[in-house]
Amino acid sequence: MSELSPQAMPNHVAVIMDGNGRWAEQRGLPRSDGHRAGVDAVREIVRAADDLGIGFLTLYAFSTENWNRPKTEVDLLMKLPEEYFEQELPDVIQRGCRIRSIGQRDRLPPNVRRCLDDAVTRTQDGTGLQLVFALSYGGRGEIVEAARRLLREQEAGRFDADGLDEKVFASYLDEPELPDVDLLIRTGGERRVSNFLLWQIAYAELLVSECMWPDFGRAELTAALADYQQRERRFGKTSAQLPGATR
Ligand code: FPP
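As a starting point, this report considers the structure included with it. (Residues numbered from 1 in each chain as written. Predicted model: local features only at pLDDT ≥ 70, side-chain atom pairs only at ≥ 80, totals over all residues. Heavy atoms only, no water.)

Quick notes on the packing of aromatic side chains
Next, step 1: This model, assessed by the stated rule, comprises 11 aromatic pairs.
Next, step 2: The interplanar angle of 35° and the centroid separation of 5.0 Å between the aromatic rings of F169 and W199 together place this pair among those described as tilted. With F169 in helix α7 (residues 166-170) and W199 in the loop between β5 (183-186) and β6 (205-208), the pair connects residues that are 30 residues apart, well separated along the chain. (Phe/Tyr/Trp six-rings, centres within 6.5 Å; stacked < 30°, edge-to-face > 60°. Helix = DSSP H or I, 4+ residues; strand = E, 2+ residues; numbered from the N terminus.)

Now the structure itself:
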């Protein structure tokens, strides 16, 4: 932690939590054990992100494509949010974190909607870490849904196409207050974006960790942040145009 600069922390870190299944297989355990160990890693990363002063942490907990997994695995994955909130909500509240969610809420089973709504309501005044769960989430779907909301506004005569720009469009996304992602971490070694936050990752720094998600803890997050802080973010400019450039 000591080598990190608090002034240069990414405001928004997003994580594709991959590798639960392989973590379990490597140990001769069922995949369900990998997902349960994944919840422990969520607990540790949330605490670490809050301690380190990160503004937003978005976790890809279940993609729209994950509905195609075997029913037993989907059923297990749909139990995890409830288990996490039951154990962790008191700590999350005490820390002043605020929970939000993105994704197709209507497709989630009632128990998940209930515990999410409860967590969102009970943390709504939290001004600390903004913790976003992406559940039944897909980036393309989110963009299409935003377009649908916008078209409905237009049909109702409340929106003029000439008023459309990127900022206005972003305000129709699932969570309008979600800022651009600064650092996108993918665990498990695969080099894919997998339909995650397609709008918000436009200028994100990418970091692929070989670590399987259940093994990704405070030390690995700290290393990822140290790597991020070494990078020069130019947003299309030249190095010489950046603040502090000497040439
Ligand atoms: C991908 O790993 C992981 C998932 C589809 C589920 C991620 C869920 C968690 C980490 C727990 C969520 C916790 C809360 C609190 C909602 P994989 O199973 O595809 O791994 P593999 O690529 O090794 O098979």
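That was the structure; now back to the text.
Some details on the sheet that holds strand β1 (residues 12-16)
Next, step 1: One open sheet holds the 6 strands; their spatial order is β3-β4-β2-β1-β5-β6, and the pairing between them is parallel. Both outer strands of the open sheet, β3 (98-102) and β6, are each paired with one neighbouring strand and no more. Taking the axes of each pair of neighbouring strands and ignoring which way they run, one obtains an average angle of 20° across the sheet.
Next, step 2: Inspection of the sheet shows β1 paired to strand β2 (residues 56-63) by 5 bridges, in the parallel sense. Of the residues in β2, the one forming a bridge with H12 is F56.
Next, step 3: Lying over the sheet, helix α2 (residues 31-52) contacts β2 and β4 (130-137), oriented at roughly 160° with respect to β2. (Pairing = 2+ DSSP bridges. Axes fitted to C-alpha atoms, helices over the stretch in contact; angles between N-to-C directions. Contact = heavy atoms within 4.5 Å.)

A short note on the environment of L151
Next, step 1: Relative to the elements of secondary structure, L151 occurs in helix α6 (residues 139-155).
Next, step 2: Each C-alpha atom, one on L151 and one on A161, is 9.4 Å from the other, the two residues being 10 residues apart in sequence.

Structural notes on the pattern of salt bridges
In a structure, side chains of opposite charge can pair up when their charged atoms sit close to one another.
Next, step 1: Overall, the coordinates contain 30 salt bridges when judged by the stated rule.
Next, step 2: Close ionic contact of E88 with R47 constitutes a salt bridge, the shortest N to O distance being 3.2 Å. With E88 in helix α4 (residues 80-94) and R47 in helix α2, this pair connects stretches of sequence that are 41 residues apart.
Next, step 3: Owing to a relative accessible area of 5%, E88 belongs among the buried residues under this scheme.
Next, step 4: R47 sits in the partly exposed class, given a relative accessible area of 29%.
Next, step 5: Among the salt bridges present, the one from R69 reaches E73, with a minimum N-O distance of 2.8 Å.
Next, step 6: Judged by relative accessible area, which is 11%, E73 ranks as buried. (Salt bridge = Lys/Arg side-chain N within 4 Å of Asp/Glu carboxyl O. Buried < 20%, exposed > 50% of the residue type's maximum accessible area, 1.4 Å probe, protein only.)

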